[in-house]
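For reference, the chains in residue letters:
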Amino acid sequence: MNTFKALGTAAFSLGCVLAAAIPVRAEWAPAAVVNSVYEGIQHIHGYRATPRLVWNLRVGDRGGCGPIRGTHYCTLNHTVYITQQDIRLAYQHGDAALAYIVAHEYAHAMQIAHGFMPRTTKLSELQADCLAGVYLGVIPNLSLDRKDVQEITSFAYRIGDYAWGSAHHHGTPSQRVKAVVLGMQSSAKGKGVAACRA
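Counting from 1, residues in each chain are numbered in the order their sequence is written. Confidence filtering applies because this is a predicted model: local features only for residues at pLDDT of at least 70, side-chain atom pairs given and counted only at 80 or more, and all residues used for totals across whole chains, interfaces and linings. Side-chain measures were taken over the full set of non-hydrogen atoms in the model, leaving aside hydrogen atoms and water.

Draft legend 1. Seen up close, the packing of helix H4 (residues 84–91) against helix H5 (residues 95–113). Axis definition: a line fitted to C-alpha atoms, over the contacting stretch in the case of helices. Angles run 0 to 180 degrees between N-to-C directions. A run of H or I in DSSP counts as a helix once it spans at least four residues, and a run of E counts as a strand once it spans at least two, with each numbered from the N terminus. Interhelical geometry of H4 versus H5 gives an angle of 135° and a closest axis separation of 7 Å. The pairing of H4 with H5 is recorded here as oblique in orientation. On the side of H4, the interface is formed by Asp86, Ile87, Ala90 and Tyr91, while H5 contributes Asp95, Ala97, Leu98 and Ile101. Lys, Arg, Asp and Glu make up the charged group, whereas Ala, Val, Leu, Ile, Met, Phe, Trp, Tyr, Cys and Pro make up the nonpolar group; the residues left over, Gly among them, are polar. Residue composition of the contact of H4 with H5, by class: six nonpolar, no polar and two charged. Just so you know how the angles are binned, under 35 degrees is roughly parallel, over 145 roughly antiparallel, 65 to 115 roughly perpendicular, and the rest oblique. The contact rule is simple, with two residues in contact once any of their heavy atoms fall within 4.5 Å.

Written out as structure tokens, the structure reads:
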């Protein structure tokens, strides 16, 4: 339990340095990461309300909500879209960063399906980060080591933003790290999504 807290604190403290992470060699290929995380989260939810997954898209391709501008969950057709650009960005940190992307977007689908957050706000984005941390901590046959946690938190830090007035504001770097670490800690303590609903 204290390991996650220490790792989260260490990752946050090193966030500025890790934000410009040197590319690392991935343990799993993107297809293996996407398929195992997606299947694992489906299993957690009993294969109910499963969103469709379309991945390895180019920015500019068309999706159910119009042109693909980046990785997102589309409410119009209950589909998660993951772009090649975001896969490459994740792999600058490691394969666990891609697992975090998949879990975060799947979390948006579950927010809608289960009525957690009916619309997209900074709070819904941080809740999706927290839920992603829970998912990654409880997926059967998937265990995160220190390197994985570092990959996830350094990536979360990197994609945080300070676009306070923007509708696309997802939370600051430190807020995103804290949210995903809270989710991982919650799963380690057996509390599930309860910490994410606060």
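Draft legend 2. Layout of the pattern of salt bridges. Put simply, a salt bridge is a Lys or Arg side-chain nitrogen that is within 4 Å of an Asp or Glu carboxyl oxygen. Evaluation of the coordinates by the stated rule reveals four salt bridges. Between lysine 147 and glutamate 151 there is a salt bridge, with its nearest N and O atoms 2.7 Å apart. Remark: glutamate 151 and lysine 147 occur in helix H7 (residues 146–159); sequence separation between them is four residues, near one turn of the helix. With a relative accessible area of 4%, glutamate 151 lands in the buried category. What you see here is one network of salt bridges that share partners, running through Glu27, Lys147 and Glu151. For each residue, the accessible area found with a 1.4 Å probe, counting protein chains only, is set against the maximum for its type, and the residue is called buried under 20%, exposed over 50%, and partly exposed in between.

Draft legend 3. Summary view of the layout of surface pockets. Grid points spaced at 1 Å over the protein atoms alone were grouped into cavities, where a 1.4 Å probe fits but cannot get out, and pockets, open sets with protein on both sides within 12 Å along at least five of seven lines, with lining residues defined by an atom within 4 Å of a point. Grid points are joined across faces, edges and corners, and a volume is the space filled by probe spheres set on the points. Taken as a whole, the largest pocket holds about 930 Å³ of empty space. Of all the secondary-structure elements, those providing two or more residues to the lining of the largest pocket are strand E3 (66–67), strand E4 (72–74), H4, H5, helix H6 (122–138) and H7. Partitioned by chemical class, the residues of the lining of the largest pocket number 14 nonpolar, 14 polar and seven charged. For the second largest pocket, the lining is made up of 13 residues, of which Trp28, Asp95, Leu142, Ser143 and Asp148 are closest to its centre.

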